[in-house]
Amino acid sequence: QVQIVESGGGLVQPGGSLRLSCAVSGVIFSTHHMAWYRQAPGKEREWVATIESGGSALVAGSVKGRFSASRDNAQSTAALQMTSLRPEDTARYYCKAFTSADNYWGLGTQVTVSS
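Scope of this entry: the structure provided in the associated data block. Quick caveat, the model's predicted, so the values are computed rather than measured. The residue numbering used here restarts from 1 in each chain and proceeds along that chain's sequence as written. Two thresholds apply to this predicted model, a pLDDT of at least 70 for residue-level local features and 80 or more for giving and counting side-chain atom pairs, whereas whole-chain, interface and lining totals are computed over all residues. Computation of side-chain values: all heavy atoms of the structure, hydrogens and water removed.

Observations regarding the side chain of Arg 66
Turning to step 1, where the next piece is worked out: Here a helix means four or more residues in a row that DSSP labels H or I, a strand means two or more in a row labelled E, and each is numbered from the N terminus. Within the secondary structure layout, Arg 66 lies in the loop between strand S6 (57-59) and strand S7 (67-72).
Turning to step 2, where the next piece is worked out: Polar contacts, as counted here, are pairs of nitrogen or oxygen atoms within 3.5 Å of one another; within protein the pair requires one atom able to donate a hydrogen and one able to accept it, and residues that are adjacent in sequence qualify only if both atoms are side-chain atoms. Of the polar contacts made by the side chain of Arg 66, one reaches the backbone oxygen of Ser 84; its length is 3.0 Å.

Examining the pairing of S7
Turning to step 1, where the next piece is worked out: Side chains Phe 67, Ala 69 and Arg 71 project from S7 onto a buried face, and the interleaved Ser 68, Ser 70 and Asp 72 project onto a face without burial.
Turning to step 2, where the next piece is worked out: Strands pair, by our definition, only if DSSP identifies at least two bridges between them. Examined bridge by bridge, S7 and strand S8 (residues 77-82) share 6 bridges and lie antiparallel to one another. Considered in S8, the bridge of Ala 69 is made with Leu 80.
Turning to step 3, where the next piece is worked out: The turn joining S7 and S8, which pair antiparallel and follow one another in sequence, is formed by 4 residues; a positive phi near 55° is taken by Ser 76. A simple rule labels every residue: compare its accessible area, found with a 1.4 Å probe on the protein chains alone, to the largest value its type can have, and call it buried under 20%, exposed over 50%, or partly exposed in between.

Considering the nonpolar core
Turning to step 1, where the next piece is worked out: Definition used in this section: a nonpolar core is a set of buried Ala, Val, Leu, Ile, Met, Phe, Trp, Tyr and Cys residues joined via side-chain atoms within 4.5 Å. Of all hydrophobic cores here, the largest spans 28 residues; its most connected members are Met 34, Leu 80, Met 82 and Tyr 93.
Turning to step 2, where the next piece is worked out: Listing elements by their share of this core, those giving two or more residues are strand S3 (18-25), strand S4 (33-39), strand S5 (46-51), S7, S8, strand S9 (91-98) and strand S11 (109-113).
Turning to step 3, where the next piece is worked out: Ignoring any residue separated from it by four or fewer positions in sequence, one finds Tyr 93 in contact with Glu 6, Leu 20, Tyr 37, Arg 38, Val 48, Phe 67, Leu 80, Met 82, Gly 108, Thr 109 and Val 111. It only takes one pair of heavy atoms within 4.5 Å for two residues to be counted as in contact.

Below is the structure:
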């Protein structure tokens, strides 16, 4: 059974930092790309970052320079380091493990940026 579990969300003040983690089990982690998405209330889910199976990372323009994605194949985990957080970063953040043949989503973790 595949499990994708995000953690690390919470309430943070503008300008603060958070590190989200994504624990993966039930698949061969090293063969899967990992992606982060977010969805704010009333908005569509948007792509935030991808860390490919080979380690190459891409981030969306809206978070470039503030967010970075990483992975630890030995621990079967992915991470999203978020700095200089803004109120508009408030959303539920989701992790996805995927290949060309499959994709698996977690249930998300809430990030709220507010003073």
